[in-house]
Amino acid sequence: MDEATINHLLIVGGVLGGLLIVAPGLIWLERRLLALWQDRYGPNRAGPFGVLIVLADTIKLFFKEDWIPPFADKVVFVMAPAIVMITVFFSFVIIPFAPGIIVTDLNIGILFFLAMSSMGAYSIILGGWASNNKYSLLGAMRGAAQMISYEVFMGLALMGTVLLANSFSLVDIIEAQRGMWFVIPQFVGFVIFFIAGIAETHRLPFDIPEAESELVAGFHSEYSGMKFGMFFVGEYLGITLISSLTVCLFFGGWLGPDFLPPLVWFVLKTFAFIALFILLRASLPRPRYDQLMEFGWKILLPLTLINLMITAGVVLMREG
Amino acid sequence: MFSIIRSMWITFMHMFHKRETVQYPEQKNKLTTRWRGRIVLTRDPDMGERCVGCYLCAAACPVDCISLQATEDEHGRRYPEFFRINFSRCIFCGYCEEACPTYAIQLIPDFEMGEYDRQNLVYEKKDLLIDGQGKYPGYNYYKVAGLAIGGKDKGEAQNEDPPVDVRSLLP
């Protein structure tokens, strides 16, 4: 093996390993932050600041009975949680963590991400369908409708940055932000992308497919043990993915003053957005299903279209 | 839109609030004297058992967790032969304390009675009986009741006149 191959394998392993550490770490972070915002302590017993609670949770998940309900469609039931993990991991392929630290710089980077996040909807639909349970099915239907409709604005909101950077590749988009982060010219795009991102990862306040208080746990009520764990990890990786994409597209990725290395800037910015995700969960109630749809199609869609048209006009004017 | 940002800001500012959590094993809340916790059987000032085995506590108990058997000693004093409280059933409602005519059964401010074995939650008389008077010091049922027992005849209780010989009242 030559040096380039080894280097590449190192990056792949590093990204995979880093993500597998981050995903359970986020569970601890979320519980601590939620507790902080609710005047509690959260897990603080096991290990320093309670970090080892993650280990305890993981061990517990592994030793739980891995139950497949007799009424479920077994093959699909087992496949569904794998899909969510695979699609999220694939999406990370195109994320540039720092100059040179990227698994592959696809020239269709953003399109690849959009494709993968659409595939992620399958895990919800298949999981809810295979569970053969009315609550799961309801959650799956809601999830499908929510993810497909928010996919539309997500893609359209991104097109503004693509127009400005003149490329689908995330590395090019970050390089194009050397002068100014795209959050300033594309503020509307940023807000809409972030809202759509919350809906895509079906996090609170848009956790309508799960809706613990209405649908028990929605599409994954029949899942237990590590299969449930995979849905869980997929969700937390989804948060990381949306946060890092927001950073790449609107907040200059690894760009930042020189006193910190680029990778540290990227991680810092990403964690700021993860904290914002958790703050949203701590403060906002869940909207009704029809409210969510109305908000999407009647407000966000026209806004993204106007944003896209204005951006396109400005780009054309500058060229002409 | 404004209200969403405002509620997020308010939640964010909670970061700087004092946390409400009581770090229990290290830091304990003060329990008031009337706190209803572990049940004890108290003694009178002369160190005799207050319980007279009247079964009123067992009758009042809504979850039937008290069982006892009354008996009498050679002086005619009633006392429970056994007294058993199943604390895995007890709901600490305090009805037994209210029902007790002799202040024998009392709930005290202690709740740390966890056990690994469920059987250990069944408290026998030796576990319940304490060498103290609890909340009502100085009260001795047989000293104020008109009942005659060995060593104390009728009329010898506190604030009690000697019994009147009804025949002496005949005209």
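None of the values given here were measured: they were computed from a predicted structure. (Residues numbered from 1 in each chain as written. Chains lettered and ligands numbered in written order. Predicted model: local features only at pLDDT ≥ 70, side-chain atom pairs only at ≥ 80, totals over all residues. Heavy atoms only, no water.)

1. Focus: the overall build of chain A
Now for step 1: Looking only at helices and strands, chain A features 11 helices and 0 strands.
Now for step 2: Of the regular secondary structure in chain A, the N- to C-terminal order runs α-α-α-α-α-α-α-α-α-α-α.
Now for step 3: The C-alpha atoms of chain A give 20 Å as radius of gyration, which agrees with the globular expectation for 320 residues (20 Å, within 12%).
Now for step 4: Dimensions along the principal axes, computed over C-alpha positions, put chain A at roughly 65 × 50 × 45 Å.
Now for step 5: A buried classification covers 52% of the 320 residues belonging to chain A.
Now for step 6: Sequence-distant contacts in chain A: of pairs separated by 6 or more residues, those separated by 24 or more amount to 76%. (Helix = DSSP H or I, 4+ residues; strand = E, 2+ residues; numbered from the N terminus. Rg over C-alpha atoms; globule rule 2.2 N^0.38 Å. Buried < 20%, exposed > 50% of the residue type's maximum accessible area, 1.4 Å probe, protein only. Contact = heavy atoms within 4.5 Å.)

2. A few points about the overall build of chain B
Now for step 1: When its secondary structure is counted, chain B shows 5 helices and 5 strands.
Now for step 2: For chain B, the succession of helices and strands along the chain, N to C, is α-β-α-β-β-α-β-β-α-α.
Now for step 3: Relative to a compact globule of 171 residues, whose C-alpha radius of gyration would be 16 Å, chain B shows 25 Å and is clearly more extended.
Now for step 4: Along the longest, intermediate and shortest principal axes, the C-alpha atoms of chain B span 100 × 45 × 30 Å.
Now for step 5: When each of the 171 residues of chain B is scored for burial, the buried share is 31%.
Now for step 6: Nonlocal contacts in chain B, meaning residues at least 24 apart in sequence, comprise 68% of its contacts between residues at least 6 apart.
Now for step 7: Counting every atom, chain B has about 11500 Å² of accessible surface; 54% of that belongs to carbon and sulfur.
Now for step 8: Put simply, chain B has 22 plus and 24 minus side-chain charges, and the middle of one group is 8 Å from the middle of the other. (Areas by Shrake-Rupley, 256 points an atom, 1.4 Å probe, with all protein chains shown as cover. Lys, Arg positive; Asp, Glu negative; His and termini not counted. Charge placed at Lys NZ, Arg CZ, Asp CG, Glu CD.)

3. Some details on the interface of chain B and chain A
Now for step 1: Taken together, the 16 residues of chain B in the interface contact 13 residues of chain A.
Now for step 2: Where chain B abuts chain A, roughly 1500 Å² becomes buried across the two surfaces, and 57% of that area is made up of carbon and sulfur atoms.
Now for step 3: Counting the surface chain B buries against chain A, the share from its top three residues, Met8, Thr11 and Arg19 of chain B, is 43%.
Now for step 4: At the surface where chain B touches chain A, the tally comes to 1 salt bridge.
Now for step 5: Across the salt bridge formed by Glu26 of chain B and Arg45 of chain A, the nearest N and O atoms sit 3.0 Å from each other.
Now for step 6: Viewed at the interface, chain A and chain B are joined by 6 residue pairs in polar contact (both at pLDDT 80 or more). (Buried area = accessible area lost by both parts, 1.4 Å probe. Salt bridge = Lys/Arg side-chain N within 4 Å of Asp/Glu carboxyl O. Polar contact = N/O pair within 3.5 Å; in protein donor to acceptor, adjacent residues only side chain to side chain.)

4. Brief notes about the pattern of salt bridges
Residue and element names in this part refer to chain A.
Now for step 1: The full count for this structure, using the stated rule, is 18 salt bridges over all chains.
Now for step 2: The partner of Arg281 in a salt bridge is Glu30, and the shortest N-O contact between them spans 3.0 Å. Of the two residues, Arg281 sits in helix α10 (residues 262-283) while Glu30 sits in helix α1 (residues 3-37), which places them 251 residues apart along the sequence.
Now for step 3: Judged by relative accessible area, Arg281 falls into the partly exposed class, the value being 29%.

5. Observations concerning the side chain of Gln146 of chain A
Residue and element names in this part refer to chain A.
Now for step 1: With respect to the helices, strands and loops of the structure, Gln146 is situated in helix α5 (residues 134-165).
Now for step 2: Look at Gln146 and you get buried, because its relative accessible area is 0%.
Now for step 3: Within the structure, the side chain of Gln146 is placed 2.8 Å from the backbone oxygen of Ala199, a separation counted as a polar contact.

6. Some remarks on the pairing of strand β2 (residues 66-72) of chain B
Within a regular strand, side chains alternate between the sheet's two faces.
All names here are of chain B.
Now for step 1: Inspection of the sheet shows β2 paired to strand β3 (residues 78-86) by 7 bridges, in the antiparallel sense. From the neighbouring strand, Thr71 faces β3, where its bridge partner is Tyr79.
Now for step 2: Counted between consecutive antiparallel strands, the loop separating β2 from β3 contains 5 residues, among which Gly76 sits at a positive phi close to 85°. (Pairing = 2+ DSSP bridges.)

7. Overview of the environment of Tyr122 of chain A
All names here are of chain A.
Now for step 1: As for its position among the elements, Tyr122 is in helix α4 (residues 109-130).
Now for step 2: Between the alpha carbons of Tyr122 and Val84 there is a distance of 7.9 Å; along the sequence they are 38 residues apart.
Now for step 3: The residues contacting Tyr122, other than those within four sequence positions of it, are Ile83 and Gly127.

8. Re the packing of helix α7 (residues 187-200) of chain A against helix α9 (residues 225-250) of chain A
Residue and element names in this part refer to chain A.
Now for step 1: Across the interface, α7 lies against α9 with an axial gap of 10 Å and an inter-helix angle of 165°. Relative to α9, the element α7 lies roughly antiparallel. For the pair α7 and α9, the sense of crossing is right-handed. On α9, the residues touching Gly189, Phe190, Phe193, Phe194 and Gly197 of α7 are Ile242, Leu245, Thr246, Leu249 and Phe250.
Now for step 2: Looking at the contact of α7 with α9 residue by residue, the classes come out as 7 nonpolar, 3 polar and no charged. (Axes fitted to C-alpha atoms, helices over the stretch in contact; angles between N-to-C directions. Parallel < 35°, antiparallel > 145°, perpendicular 65-115°, else oblique. Left-handed = near helix turned anticlockwise from the far one by under 90°. Nonpolar A, V, L, I, M, F, W, Y, C, P; charged D, E, K, R; others polar.)

9. Section: the side chain of Ser167 of chain A
Residues and elements named next belong to chain A.
Now for step 1: For Ser167, the location among the structural elements is in the loop between α5 and α6 (170-175).
Now for step 2: Within polar-contact distance, the side chain of Ser167 engages the backbone nitrogen of Ser169 at 2.9 Å.
Now for step 3: A distance of 3.0 Å separates polar atoms of two side chains, one belonging to Ser167 and the other to Asp172.
Now for step 4: Dropping the residues within four chain positions of it, Ser167 is found in contact with Val162, Asp172 and Ile173.

10. Some remarks on the sheet that holds strand β5 (residues 122-123) of chain B
Now for step 1: Strand order in the open sheet formed by 3 strands is β2-β3-β5 (chain B), with antiparallel pairing between adjacent strands. Of all the strands in the sheet, the pair left with one neighbour each is β2 and β5 of chain B.

11. As for the confidence of the model for chain B
Now for step 1: Looking at chain B, pLDDT values average 87 and 100% of them are 70 or higher.
Now for step 2: Taken together, the chains of this predicted complex give a pTM of 0.77 and an interface ipTM of 0.71. (pLDDT = per-residue confidence, 0-100.)

12. Quick look at the state of the cysteines
Working definition of a disulfide: a covalent bond connecting the sulfur atoms of two cysteines.
Residues and elements named next belong to chain B.
Now for step 1: Evaluated as defined, the whole model comprises 0 disulfides over all chains.
Now for step 2: For the unlinked cysteine Cys65, the closest cysteine sulfur is that of Cys61, found at 3.6 Å.
Now for step 3: With no disulfide of its own, Cys96 lies closest to Cys93 among cysteine sulfurs, the gap being 6.1 Å.
Now for step 4: Its relative accessible area of 7% is what places Cys96 among the buried residues. (Disulfide = S-S within 2.5 Å.)

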